[in-house]
Amino acid sequence: MDRSRGFSLIELMVAMVVSLVVILGAGQLFISLSQTSQRITLLSEKQAAVNFAVETLLRDIRRAEWGSDVVGEDGEKLTLRVRNRGDMTGCDDDGDRLDKRYSLGETASGESGSYSLRVQRRCVPEGGPPDSYGAAEPLIGGFDEGGFSVSWLEVAGVRIGVEVTLNLQPLQEGGDPDVLTFHAVNRTAAVTR
């Protein structure tokens, strides 16, 4: 007698349930890996943006001519006078200076609660009056409202640098902003005072 009649209905249903569990597990693993990959990408973009903003600010703070008007009265503006090193066309690279004013402004896209660090520039010709500030150009985005504040850094009553605080938008909706605070010392002011 030949007993090769195939699978019974119960065997077939058990095989389908086991296959379904394996497929659902694989799908869940794929979704989890995809979400993790997106978070890592967002985090690396955020880190690159912060590095760019900090390096730009540090470079200008370190090479600035130090004055009393560096930190704005409200603590939300940073104005630096630096030598023009090709930063602005129409401004002589040899003797002219360049004023750079950093502040926070809403992004051009009009996203609610999305702000960008902006810079305004003006040429200060040698021996002449300064030009007027140009339009504010966005430098980097991803900040919260009030996400850029500056205060003086003093040692023994002497202003040698600034403390800069950046509040970055949270990665997750409704999360707390990421706060980065760093100190930047003007080398000339620190050595000569």
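Keep in mind it's a predicted model, so treat the numbers as computed, not measured.

(A) Spotlight on the overall build of the chain. Counting its secondary structure elements, the chain contains 2 helices and 6 strands. Computed over C-alpha atoms, the radius of gyration of the chain comes to 28 Å, more than 25% over the 16 Å expected from 2.2 N^0.38 for 193 residues, which places it beyond the range of a compact globule. Projecting the C-alpha coordinates of the chain onto the three principal axes gives extents of approximately 110 × 40 × 30 Å. Here the chain, with 193 residues, has 33% of them falling under the buried criterion. Element-wise, carbon and sulfur atoms account for 54% of the exposed surface of the chain, whose accessible area totals about 12,500 Å². Charged side chains of the chain number 20 positive and 28 negative; the gap between the two group centres comes to 4 Å.

(B) Examining the side chain of R122 more closely. Mapped onto the fold, R122 is located in strand 3 (residues 115–124). Of note is the side chain of R122, whose polar atom sits 2.8 Å from the side chain of D99. In contact with R122, other than residues within four places in its own chain, are R81, M88, R97, L98, D99, P130, D131, S132 and Y133.

(C) Layout of the confidence of the model for the chain. Per-residue confidence for the chain gives a mean pLDDT of 84; residues scoring 70 or more make up 93%. Of all helices and strands in the chain, the one with the weakest mean pLDDT is helix 2 (residues 187–192) (72), whereas helix 1 (residues 9–63) scores best (92).

(D) How the structure looks around the nonpolar core. Residues L57, I61, W66, L78, F148 and V162 are the most contacted members of the largest nonpolar core, which totals 31 residues. Taken together, the elements giving at least two residues each to this core come down to helix 1, strand 1 (78–83), strand 2 (97–106), strand 3, strand 4 (137–155), strand 5 (158–168) and strand 6 (178–185). The element best represented in this core is helix 1, accounting for 7 residues.

(E) A look at unusual backbone geometry. Backbone geometry places A156, a non-glycine residue, at a positive phi of 55 degrees. For A156, a relative accessible area of 79% corresponds to the exposed category.

(F) Representation of helix 1 within the structure. Taking 1.5 Å per residue as the helical rise, helix 1 with its 55 residues ought to reach 81 Å, and the 81 Å between its terminal C-alpha atoms agrees with that figure. Taken together, the buried positions of helix 1 are K46, A49, V50, A53, V54, T56, L57, L58, D60, I61 and R63. Looking at the packing, one finds that the buried side of helix 1 touches strand 1, strand 2, strand 3, strand 4, strand 5 and strand 6.

What counts, and where the lines are drawn
- Residues numbered from 1 in each chain as written.
- Predicted model: local features only at pLDDT ≥ 70, side-chain atom pairs only at ≥ 80, totals over all residues.
- Heavy atoms only, no water.
- Helix = DSSP H or I, 4+ residues; strand = E, 2+ residues; numbered from the N terminus.
- Rg over C-alpha atoms; globule rule 2.2 N^0.38 Å.
- Buried < 20%, exposed > 50% of the residue type's maximum accessible area, 1.4 Å probe, protein only.
- Areas by Shrake-Rupley, 256 points an atom, 1.4 Å probe, with all protein chains shown as cover.
- Lys, Arg positive; Asp, Glu negative; His and termini not counted.
- Charge placed at Lys NZ, Arg CZ, Asp CG, Glu CD.
- Polar contact = N/O pair within 3.5 Å; in protein donor to acceptor, adjacent residues only side chain to side chain.
- Contact = heavy atoms within 4.5 Å.
- pLDDT = per-residue confidence, 0-100.
- Core = buried A, V, L, I, M, F, W, Y, C linked by side-chain atoms within 4.5 Å.
- Expected span 1.5 Å × (residues − 1).

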